[in-house]
Amino acid sequence: MSRLTDAALRFRAQLLRQERAAASEMVRAYAATWRRLRAELDQLEQQIAEAEAAGLTVGPFTPRQPGGPVLPQAPGTFSVSWVHRRERLRTLLAQVERELRQFAALASDLTEAGQLQAVQAAQANAQALMTEAARAAGAPELVGMFNRLPTSAVEELVGLASDGSPLRELFEALGERTGRGVREALETAVATGMGPRETARLVRQQFGMGLSRALTIARTEQIRAYREASRRTYEANSDVLDGWVWLSAADSRTCVSCLAMHGSVHGVERRIDSHPNCRCVMVPGVKGAPIEVTPGEELFAQMTPAQQDAKLGKAAGAAYRAGAVKLVDFVGVRRDPDWGDSRYVKSLRQVLGREEAQRWMRKAQQQKTWQVVSKKIGELTDRKAVLSLGELPTRTYQALRHQWPSSVTAQVVLTGERRAHYLERHPEMAAFEGKLMETLFAPDEIHRNKRDSQIGIWYRRLNGSQYIRVVVWVSDTPGLQNSIHSFRLADQREIDQGHKQKRLVWAKK
Ligand SMILES: [Zn+2]
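Being a predicted model, the structure only gives us computed values, none of them experimental.

Conventions and cut-offs
- Residues numbered from 1 in each chain as written.
- Predicted model: local features only at pLDDT ≥ 70, side-chain atom pairs only at ≥ 80, totals over all residues.
- Helix = DSSP H or I, 4+ residues; strand = E, 2+ residues; numbered from the N terminus.
- Rg over C-alpha atoms; globule rule 2.2 N^0.38 Å.
- Contact = placed C-beta atoms within 7 Å.
- Core = buried A, V, L, I, M, F, W, Y, C linked by C-beta atoms within 7 Å.
- Buried ≥ 20, exposed ≤ 12 C-beta atoms within 10 Å, placed from the backbone.
- Expected span 1.5 Å × (residues − 1).
- Domains from an automatic or database assignment.
- Axes fitted to C-alpha atoms, helices over the stretch in contact; angles between N-to-C directions.
- Parallel < 35°, antiparallel > 145°, perpendicular 65-115°, else oblique.
- Left-handed = near helix turned anticlockwise from the far one by under 90°.
- Nonpolar A, V, L, I, M, F, W, Y, C, P; charged D, E, K, R; others polar.
- Pairing = 2+ DSSP bridges.

**A word on the overall build of the chain**
Of the regular secondary structure elements, the chain holds 16 helices and 14 strands. Its C-alpha atoms give the chain a radius of gyration of 33 Å, clearly above 23 Å, the size a compact globule of 509 residues would have. With the C-alpha coordinates of the chain rotated into their principal frame, the extents come out at 95 × 90 × 40 Å. Put simply, 69% of the contacts in the chain that link residues at least 6 apart link residues at least 24 apart.

Below, the structure is given as C-alpha cells:
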C-alpha cells in the first residue's frame, strides 16, 4: 500500500468512527422510546387479560360502515373496535406516532450535524490526499497550490438527501411508515388473540425496522456528503488532476460489486455511485502519474476457492473458476431518476440466464457431495471395509453397458484393501485423493484395458500433460459392484496410445 492509499484508508476510518458515534446516539434514543412503548403495551395486554378473565373472548372484527350504526359485539366477545373504544389502544398508537415524530427530528438533526462535520473533514482530507498524490507523482511544485472550495460551496449538501429533498422529510416519511407497520401489527395481534409475548415480538419487529432503515439513511447520507464534498474539491483542481481511483476496503466484508470496481479510474465529474452502507473512497490522481492499486479482479483471482465462494456463492464461484464469468459481470447498475445510479450485485441467473445458472448450481451441489465422500475416502483405513462412492452418471453408464453388456450396476465402491494398496505403491497419490471423485464421476475419457476385458480406465486432465487415472474393475456378477482397482497419475502419451489402439469407450463432448 502506498502512503496515498494509506492516508485515504485512515480518513475513511475517521469518517466511519464519526458516523458510528451518531448511530449509537440514535440507537440509544430508539431504545428509550421502545421502553416507554413497552410499558404502554403491557397495560394494553393487562386490559385484554382482564376482559378475558371476565369471560369475554376475541370475536371477529366487524368494521363499521361509514355513517352506519355501531354494530353490537357478539355476546361474550370483544374485538379490535372494542379495544379501540376502551381508549387504551388509541392512546398507545398516538404515543407511537408522537415518539416516532420526535425520533425523526432527532435523527435528522444528528445526520445533519454528521454531514456538516463530514463535508468539513472532506475538504481538509481532499487537500491532504492531493498533496500526497503530488508527492507520489514527483510533482512537489503542486504542494500547497491546490484550489480550495469556499465552505458555502459544500454546505449546501448539509441537510439534504441525495434527491435534494430535506433530510427531515425523509425521516418523517420513514416514521409514518413505521407507525403504520406498528398499528397493523397491533391490530393483527388483538384481532387474532395473540399472547402478550408474541404481540410484543411482532410490534418490536415492525418498530425495529424503522431503526435499521433510519441508520442506513443516516450513514449513507453522511458518507454521500463526504464524497460529494471531496469530489467537488477534486473538480476544482481538474487542471492538475487526472481523476480519482475507486478504493474499496478489499476485505471479507467488501461486496462483489465494490471489489470489482476496486482500482478503477474515473473522471472528476463522475460520482461514486455505489450502494447503501458502501464504505469505498475516492483517491485523487495527479496527471501523468497513475496510482498503483491492484485491481479487484486480480485480488479476487488470488483468493482461495472458499473465500471466492463466500463472496459469490458456490455455484457462481464454480462458474467463475471455470472461466464462464468474470467478477465485473456481477456489477449491476440500477438507474433511478430520484436516487441517481446505484450499484448492486447481480445473481448468477441475471448474469448467465436461468438454464446456465441452474447447470452451475447442480455442479456446485455435485461438488459438495464429492467433498463429503472424499472425506470418507481419507478415513478409509480398515482394509476389510467397503465404501460406496455413488452411482455413475447415466451418460457414462450407458457407454459402459455398451462396452460391457453384462455390467449390472452403476454403483462404484472402494475397498480399504485397494486404498492401502495404491497409497503404498504410489504414496504421491495421497495429495490427489480429493480428485478421485471428480475423475470417476466427471471424467474426460474412459478407455478399456488392453489385456483384461473387465477393466475400464477413467482419465481426467490434471494439468497440461498429466492426468488422474482411476482403474475400475467392471463387475458382471449380480450383487457385486464395480470396484476401484488402482489410482495413479498418467501422462499424455498413455492417452494417445489408447486412442491409437482404439480403446476409447467414452469421451466428454
Ligand atoms: Zn463500496
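Having seen it, we continue.
**A short note on the nonpolar core**
Burial of nonpolar side chains together is a common tendency in soluble globular proteins. Counting 54 residues, the largest nonpolar core has Val 119, Tyr 226, Leu 247, Val 283, Ala 316 and Ala 319 as the members making the most contacts within it. When residues of this core are traced back to their parent elements, those giving at least two are α1 (3-53), α3 (88-136), α6 (196-235), β3 (241-247), α7 (256-261), β5 (281-286), α10 (314-321) and α11 (348-352). Sorting elements by how many residues they give to this core places α3 first, with eight residues. Sequence-distant contacts of Val 119, defined by excluding residues within four places in its chain, comprise Val 154, Glu 155, Leu 157, Val 158, Ala 225, Tyr 226 and Ala 229. Core analysis: the second largest hydrophobic core is formed by 32 residues, Ala 23, Ala 107, Val 182 and Ala 185 among them.

**Quick word on helix α5 (residues 167-191)**
Along its 25 residues, α5 runs 36 Å from first to last C-alpha, staying within 8% of the 36 Å computed at 1.5 Å per residue. Looking only at α5, the buried set comprises Leu 167, Leu 170, Phe 171, Leu 174, Gly 175, Thr 178, Gly 179, Val 182, Ala 185, Leu 186, Ala 189 and Val 190. Immediately beyond the C-terminal end of α5, within one or two residues, lies Gly 193, with a positive phi of roughly 65°.

**Looking at the domain arrangement of the chain**
The domain boundaries assigned to the chain delineate domain 1 (3-66 + 73-239) and domain 2 (380-507). For domain 1 and domain 2, the distance between their C-alpha centres works out to 62 Å.

**Brief notes about the packing of α1 against α6**
Put simply, α1 and α6 touch, their axes get as near as 10 Å, and they point 160° apart. Relative to α6, α1 is oriented roughly antiparallel. Here α1 runs over α6; the crossing is right-handed. Considered class by class, the residues forming the contact of α1 with α6 number 18 nonpolar, two polar and four charged.

**What about the sheet that holds strand β4 (residues 265-266)?**
In a beta sheet, neighbouring strands are held together by backbone hydrogen bonds and run either parallel or antiparallel to one another. On the basis of which strands lie adjacent, the open sheet formed by three strands has the order β4-β3-β5 and antiparallel pairing. Each end of this open sheet is capped by a strand with a single partner; those strands are β4 and β5. Here β3 pairs with β4 via two bridges, running antiparallel. Note on β4: the bridge partner recorded for Trp 244 is His 266. The sheet strands contacting α1 are β3 and β5, and the helix crosses β5 at an angle near 150°. Contacting β3 and β5, α6 runs over the sheet at an angle of about 10° to β5.

**Comments concerning the environment of Ala 54**
Relative to the helices and strands, Ala 54 is located in the loop between α1 and β1 (57-58). Of the residues examined, Ala 54 has 9 C-beta atoms within 10 Å and is grouped as exposed. Once the C-alpha coordinates of Ala 54 and Ser 108 are considered, the two residues, 54 residues apart in sequence, prove to be 47 Å apart.

**Some words on the sheet that holds strand β9 (residues 411-415)**
Pairing within the open sheet is mixed, and its seven strands lie in the order β8-β9-β13-β12-β11-β10-β14. Bordering the open sheet on either side are β8 (386-391) and β14 (504-507), each of which pairs with just one other strand. Recorded for the sheet is a direction-independent mean angle of 30° between the axes of neighbouring strands. Looking at chain direction, β8 and β9 are connected through five bridges and run antiparallel. For Glu 391, the partnering residue across the bridge sits in β9 and is Gln 411. Its contacts with the sheet put helix α16 (residues 492-500) on β10 (445-448), β11 (455-461), β12 (466-473), β13 (482-491) and β14, and the angle it makes with β13 is roughly 115°.

**Some words on the packing of α3 against α5**
Helix packing geometry: the angle between the two helix axes and the distance between the axes. Put simply, α3 and α5 touch, their axes get as near as 9 Å, and they point 155° apart. Classified by the angle their axes make, α3 and α5 are roughly antiparallel. Judged by the twist between their axes, the crossing of α3 over α5 is right-handed. Side by side, α3 and α5 meet where Leu 89, Leu 93, Val 96, Glu 97, Leu 100, Arg 101, Phe 103, Ala 104, Ala 107, Ser 108, Thr 111 and Glu 112 of the first sit next to Leu 167, Arg 168, Phe 171, Glu 172, Leu 174, Gly 175, Thr 178, Gly 179, Val 182, Arg 183, Leu 186 and Val 190 of the second.

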